[in-house]
Amino acid sequence: MSEIIQIQPITAEAFAPFGDLLDVSGAPDKIINQGMCGRYHNRAQLDFNEGRAGISLFNAQPRSLPLTLDMMERHPDGSQAFLPMIQEPFLVIVAPDADGKPGQPLAFVTQPGQGVNYHRGVWHGVLTPLSHPGLFAVVDRIGEGANLEEHWFQDPFTVVTD
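Predicted model, so just to flag it, every value in this text is computed and none were measured.

(A) Here's a closer look at the overall build of the chain. Each helix and strand in the chain was counted, giving one helix and 16 strands. Against the compact-globule benchmark of 15 Å for 162 residues, the chain has a radius of gyration of 16 Å, which places it among compact chains. For the chain, buried positions account for 41% of its 162 residues. Of the roughly 9000 Å² of accessible surface on the chain, a fraction of 51% belongs to carbon and sulfur atoms.

Written out as structure tokens, the structure is:
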């Protein structure tokens, strides 16, 4: 039987060891556009070895729960930000590094309108929308060389809600 991972609501504090929670909490840093727009400035720590930042669009198929977690990945040469283009929550799975492999995974669910930025080298699950469409803008490293490491678990985990 696989080990169970319980999904928890995401908070900036709980997610901080792995990256940045992107949302519009608190007061905006600036009011712009003739007073009609709040700017929440510089919310993510973008970090790239060589290359440059690029914006891509990902259109992922929704996943259902419970979820079998059999693989995690990381990007050693750049951070990776996922910005949903829909007002739906998505599943975020991360793990600390344990001697070059993922340690004990944690699972979070976002609130509608929240995004995440995985710091460079952080183990994370694949993009996991929970509803259709799973459309995301992704800001990550564009450059030469492989920027992907995968780890396949011998004993997969099962990710569940309450």
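(B) Fine view of the sheet that holds strand 15 (residues 134-142). Overall, antiparallel pairing links the five strands, which are arranged 2-12-7-15-5 in an open sheet. Pairing within the sheet leaves two strands with one partner each, and these edge strands are strand 2 (19-22) and strand 5 (52-60). Averaged over all pairs of adjacent strands, the angle between their axes in this sheet comes to 15°, without regard to strand direction.

(C) Inspection of the layout of surface pockets at higher detail. When its volume is computed, the largest pocket comes out at roughly 280 Å³. Forming the boundary of the largest pocket are 13 residues, of which Leu-22, Arg-43, Ala-44, Ala-81 and Leu-83 lie nearest the centre. Among the elements that make up the lining of the largest pocket, the one with the highest residue count is strand 7 (residues 80-84) (three residues). Of the residues that constitute the lining of the largest pocket, the class distribution is nine nonpolar, two polar and two charged.

(D) Seen up close, empty space enclosed by the protein. Tallied over the entire structure, the rule returns one cavity of 30 Å³ or more. Here the largest cavity is characterised by a volume of approximately 50 Å³. Phe-82, Phe-90, Leu-91, Tyr-118, His-124, Gly-125, Val-126, Leu-127 and Thr-128 are the residues that line the largest cavity. The residue inventory of the lining of the largest cavity, partitioned by class, reads six nonpolar, three polar and no charged.

(E) View of the environment of Arg-63. The residue Arg-63 is located in the loop between strand 5 and strand 6 (67-74) in this model. Looking at Arg-63, the relative accessible area reads 37%, which means it is partly exposed. Taking the C-alpha atoms as reference points, Arg-63 and Gly-134, 71 residues apart in sequence, are found 9.5 Å from one another. Apart from residues lying up to four places away in sequence, Arg-63 is in contact with Val-126, Leu-127, Thr-128, Pro-129 and Leu-130.

(F) Highlighting unusual backbone geometry. In this structure, Pro-66 follows Leu-65 across a cis peptide bond, with omega equal to -5°. Mapped onto the elements of the fold, Pro-66 is located in the loop between strand 5 and strand 6. Look at the link from His-132 to Pro-133: it is a cis peptide, with omega at 0°. Relative to the assigned elements, Pro-133 resides in the loop between strand 14 (128-129) and strand 15. A positive phi angle, close to 55°, is found at Asn-33, a residue other than glycine. Topologically, Asn-33 is positioned in the loop between strand 3 (30-32) and strand 4 (37-39). One non-glycine residue, Gln-34, adopts positive backbone phi at about 60°. Here Gln-34 lies in the loop between strand 3 and strand 4.

(G) Here's a closer look at the packing of aromatic side chains. According to the stated counting rule, one finds seven aromatic pairs in the structure shown. With 5.8 Å between their ring centres and 70° between their planes, Phe-82 and Tyr-118 make a pair best called edge-to-face. With a gap of 36 residues between them, Phe-82 in strand 7 and Tyr-118 in strand 12 (residues 115-118) connect regions that are remote in the sequence. On the numbers, 4.9 Å between centres and 80° between planes, the contact of Phe-90 with Phe-136 is edge-to-face. Placement of Phe-90 in strand 8 (residues 90-95) and of Phe-136 in strand 15 is noted, with a sequence separation of 46 residues between them. In this pair, the class of Phe-90 matches that of Phe-136, namely buried. Taken together, the ring pairs connect Phe-15, Phe-18, Phe-58, Phe-82, Phe-108 and Tyr-118 into an aromatic cluster.

Conventions used here
- Residues numbered from 1 in each chain as written.
- Predicted model: local features only at pLDDT ≥ 70, side-chain atom pairs only at ≥ 80, totals over all residues.
- Heavy atoms only, no water.
- Helix = DSSP H or I, 4+ residues; strand = E, 2+ residues; numbered from the N terminus.
- Rg over C-alpha atoms; globule rule 2.2 N^0.38 Å.
- Buried < 20%, exposed > 50% of the residue type's maximum accessible area, 1.4 Å probe, protein only.
- Areas by Shrake-Rupley, 256 points an atom, 1.4 Å probe, with all protein chains shown as cover.
- Pairing = 2+ DSSP bridges.
- Axes fitted to C-alpha atoms, helices over the stretch in contact; angles between N-to-C directions.
- 1 Å grid on protein atoms, 1.4 Å probe; cavity = no way out; pocket = protein on both sides within 12 Å on 5 of 7 lines; lining within 4 Å.
- Points joined across faces, edges and corners; volume = space filled by probe spheres on them.
- Nonpolar A, V, L, I, M, F, W, Y, C, P; charged D, E, K, R; others polar.
- Contact = heavy atoms within 4.5 Å.
- Phe/Tyr/Trp six-rings, centres within 6.5 Å; stacked < 30°, edge-to-face > 60°.

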